[in-house]
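# Chain and residue survey
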Amino acid sequence: EKGGFPSFMDKEIHDQPQAVADTLLGRMDPSGRLVLDEMRIDESLLKSIDKIIVIACGTAAYAGQVAKYAIEHWCRIPVEVELAHEFRYRDPIVTEKTLVVAISQSGETMDTIMAVRHARQQGAKVIAICNTFGSTIPRESDAALYTHAGPEIAVASTKAFLSQIVACYLLGLYLAQLRGNKFQDEIRMILGELQQIPAKIQRILDETAQQVTDLAIAQKDTESVLFLGRHVGYPVAMEGALKLKELAYIHAEGFAAGELKHGPIALIDEGKLVFIVVPSKRGRDSLHAKVVSNIQEVRARGARTVVIAEEGDEEVRAYASDVIYVPASPTLMAPLLTTVPLQIFAMELATVKGLDVDQPRNLAKSVTVE
Ligand code: BG6
C-alpha cells in the first residue's frame, strides 16, 4: 500500500502531481467557467460578503496564509487567517456578511470544529475545505469544497497541503467570477496555469529530489535551521520549518525575510543553515531584489544559504551555498512548487537520523481533543 516507497510520506510526496490534478478535475464547464457544484450557499449571499476568515490548525493554517494573498488579490475582499484555537477564545468580529473558510485534512480536528460552531453561532456562513468525505467539519458547515488528495496516512501533511491551496484558489476564483471582479478569460488563464502545476511538481520529483536528499544527508547533524520567505514564500518558509520540527525533531523557524533585521538576524552565526525561498523575478522585480539582499545579509554573517529559486534565476548563485531550482511559475502558483523540496529535505533528514517519518513522536494524525 506504500506503492513501493519506503514510507507513506514518501509515497504521498510522490502523489502530489495527482492530488493537485484531481483537486482541479471537473471544476470547469466547456466554456471555461468555474463550476463548484458543492457550493450550496446562496449566490446573492456570497456576493454580499465583506470579509473572509480562514480558520485552521498546523499545516492547514499555512495553506490559508498562502491563499490570503491570492484571494485578496483576485477578489478584493479582506481575508484574515487565524488559528482555530485562537479564533475561538477571543471575541472575533463575525457577522452575516462574514464568510468563514475552515480548512482541515481530516475534518475531525477538535480545535477547528469548535471554531466552526462558534462562527455559525454568530451567523457566519462556513465553507469547509476538507479531504475526508463525510467527516465532522464538512457535515457541520454550510458547504464543503473537497480536496481530492486521496487518503493521507503519514502524520505530517504533504499532498493535503498542496490540495488545500488549490481548493482555496478555486474558491477565490469562484468568488471573483461571481462578483465580477475578474474577466472570464483571466480566470481561464489562471486555471490554465494551475493545470500546468502537476507536471512541474513531477519535474521536481524526477530532477531535483536527489540533490535535496544529498543535502539532507550532509546536514544530518544540524541542530537548528532557519527558513526565510516573503509574500507567499513566507507561509512556505513556516511550513518548511514545521516539517523539520515534526519529522527530524530539530529546532527550526520560519521568518518573513523582511523581519530578519528586526531580530532574527542575531541568530545567524558561522555555518548556520538558512533556507531562503526566492520569488520569481518576472513581474515582481522589487520583491525578488529584496529577498536577494536578505540572502546577502545572512551570507555575510557566515550562514550556509540554501536558495530555492526559479529556473533561470542566475542572480542568486553568487550568494548561495546551494541553489535548488524549481520550474518557473507565476508568483501565486510558486508555493505549489517551492514547498516540495522542503518536504523532501525534512523527510530525508529524519530518515538519515533513523527516525520514523510516518509516525513522529508525540503527534497524532488527527487531534480530536481541544
Ligand atoms: C496536526 C497534524 O495535529 O493537525 C498536522 O499533525 C495538521 O499535520 C493539523 O496539519 C491540522 O489537521 P487537519 O486534519 O485539521 O488538517
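Treat the numbers as computed from the prediction; the structure is a model and nothing was measured. (Residues numbered from 1 in each chain as written. Predicted model: local features only at pLDDT ≥ 70, side-chain atom pairs only at ≥ 80, totals over all residues. Heavy atoms only, no water.)

### Here's the deal with the overall build of the chain
- When helices and strands are tallied, the chain shows 14 helices and 10 strands.
- Scaling as 2.2 N^0.38, a compact globule of 370 residues should have a C-alpha radius of gyration of about 21 Å, and the chain matches this with 20 Å.
- Taking the principal axes of its C-alpha atoms as reference, the chain extends roughly 55 × 45 × 40 Å.
- Burial analysis of the chain (370 residues in total) assigns 59% to the buried set.
- Accessible area for the chain stands at about 14,700 Å²; split by element, carbon and sulfur atoms hold 50% of it.
- Computed over 39 positive and 48 negative side-chain charges, the separation of the two mean positions in the chain equals 4 Å. (Helix = DSSP H or I, 4+ residues; strand = E, 2+ residues; numbered from the N terminus. Rg over C-alpha atoms; globule rule 2.2 N^0.38 Å. Buried < 20%, exposed > 50% of the residue type's maximum accessible area, 1.4 Å probe, protein only. Areas by Shrake-Rupley, 256 points an atom, 1.4 Å probe, with all protein chains shown as cover. Lys, Arg positive; Asp, Glu negative; His and termini not counted. Charge placed at Lys NZ, Arg CZ, Asp CG, Glu CD.)

### Notes on the packing of helix 10 (residues 197–207) against helix 14 (residues 335–352)
- Axis separation between helix 10 and helix 14 bottoms out at 10 Å; the angle between their running directions is 30°. Taken together, the axes of helix 10 and helix 14 are roughly parallel relative to one another. In the crossing of helix 10 with helix 14, the sense of the turn from one axis to the other is right-handed. On helix 14, the residues that touch Ile 197, Lys 200, Ile 201, Ile 204 and Leu 205 of helix 10 are Leu 336, Leu 337, Val 340, Pro 341 and Ile 344.
- Its residues assigned to classes, the contact of helix 10 with helix 14 shows nine nonpolar, no polar and one charged. (Axes fitted to C-alpha atoms, helices over the stretch in contact; angles between N-to-C directions. Parallel < 35°, antiparallel > 145°, perpendicular 65-115°, else oblique. Left-handed = near helix turned anticlockwise from the far one by under 90°. Contact = heavy atoms within 4.5 Å. Nonpolar A, V, L, I, M, F, W, Y, C, P; charged D, E, K, R; others polar.)

### Focus: the site of the ligand
- Taken together, 13 residues lie around the ligand, and Thr 59, Ser 104, Gln 105, Ser 106 and Thr 109 are the ones closest in.
- With respect to the ligand, the backbone of Thr 59 contributes an N or O atom lying 3.1 Å from an oxygen atom.
- Between the ligand and Val 155, the relevant distance is 3.3 Å, taken from an oxygen atom to a main-chain nitrogen or oxygen of the residue.
- Considering every element that reaches the shell around the ligand, the biggest residue donor is helix 4 (residues 58–75), with three residues.
- When its residues are assigned to classes, the shell around the ligand shows five nonpolar, seven polar and one charged. (Near = heavy atom within 4 Å. Polar contact = N/O pair within 3.5 Å; in protein donor to acceptor, adjacent residues only side chain to side chain.)

### Observations regarding the nonpolar core
- Counting 94 residues, the largest nonpolar core has Ile 52, Trp 74, Leu 244 and Phe 275 as its most contacted members.
- With 14 residues, helix 8 (residues 159–179) is the single largest residue contributor to this core.
- In terms of nonpolar packing, the next biggest core, distinct from the first, is built from 21 residues, Leu 260, Val 291, Ile 295 and Val 323 among them. (Core = buried A, V, L, I, M, F, W, Y, C linked by side-chain atoms within 4.5 Å.)

### Some thoughts on empty space enclosed by the protein
- One pass over the full model with this rule turns up one cavity of 30 Å³ or more.
- The computed volume of the largest cavity comes to approximately 160 Å³.
- In terms of lining, the largest cavity is formed by 18 residues, of which the most central are Val 278, Pro 279, Ser 280, Ala 334 and Thr 338.
- The set of elements that each furnish at least two residues to the lining of the largest cavity consists of strand 9 (304–310) and helix 14.
- Per-element accounting of the lining of the largest cavity gives the leading share, three residues, to helix 14.
- In terms of residue class, the lining of the largest cavity is made up of 10 nonpolar, six polar and two charged. (1 Å grid on protein atoms, 1.4 Å probe; cavity = no way out; pocket = protein on both sides within 12 Å on 5 of 7 lines; lining within 4 Å. Points joined across faces, edges and corners; volume = space filled by probe spheres on them.)

### A look at the packing of aromatic side chains
- Here the structure, examined in full by the defined rule, presents four aromatic pairs.
- Ring centres 4.9 Å apart and planes at 40° place the aromatic pair Phe 133 and Tyr 146 in the tilted group. One end of the pair, Phe 133, is in the loop between strand 4 (125–130) and helix 7 (136–140); the other, Tyr 146, is in strand 5 (residues 143–146), and 13 residues separate them in sequence.
- On the basis of relative accessibility, which here comes to 73%, the residue Phe 133 falls in the exposed class. (Phe/Tyr/Trp six-rings, centres within 6.5 Å; stacked < 30°, edge-to-face > 60°.)

### Quick look at the layout of surface pockets
- If you add up the space inside the largest pocket, you get close to 560 Å³.
- Along the wall of the largest pocket there are 23 residues; nearest its centre are Cys 57, Gly 58, Thr 59, Lys 365 and Val 367.
- Looking at the lining of the largest pocket, the elements that each hand over two or more residues are helix 4, strand 3 (98–104), helix 6 (110–121) and helix 12 (233–248).
- Among the elements that make up the lining of the largest pocket, the one with the highest residue count is helix 4 (three residues).
- When its residues are assigned to classes, the lining of the largest pocket shows eight nonpolar, 11 polar and four charged.
- Approximately 180 Å³ is the volume found for the second largest pocket.
- Lining the second largest pocket we find 12 residues, and of these His 73, Trp 74, Ile 190, Glu 193 and Leu 332 sit closest to its centre.
- For the lining of the second largest pocket, the elements supplying multiple residues, two or more each, are helix 4 and helix 9 (184–195).
- Among the elements that take part in the lining of the second largest pocket, helix 9 stands out by supplying four residues, more than any other.
- Here the residues of the lining of the second largest pocket are counted per class, giving six nonpolar, two polar and four charged.

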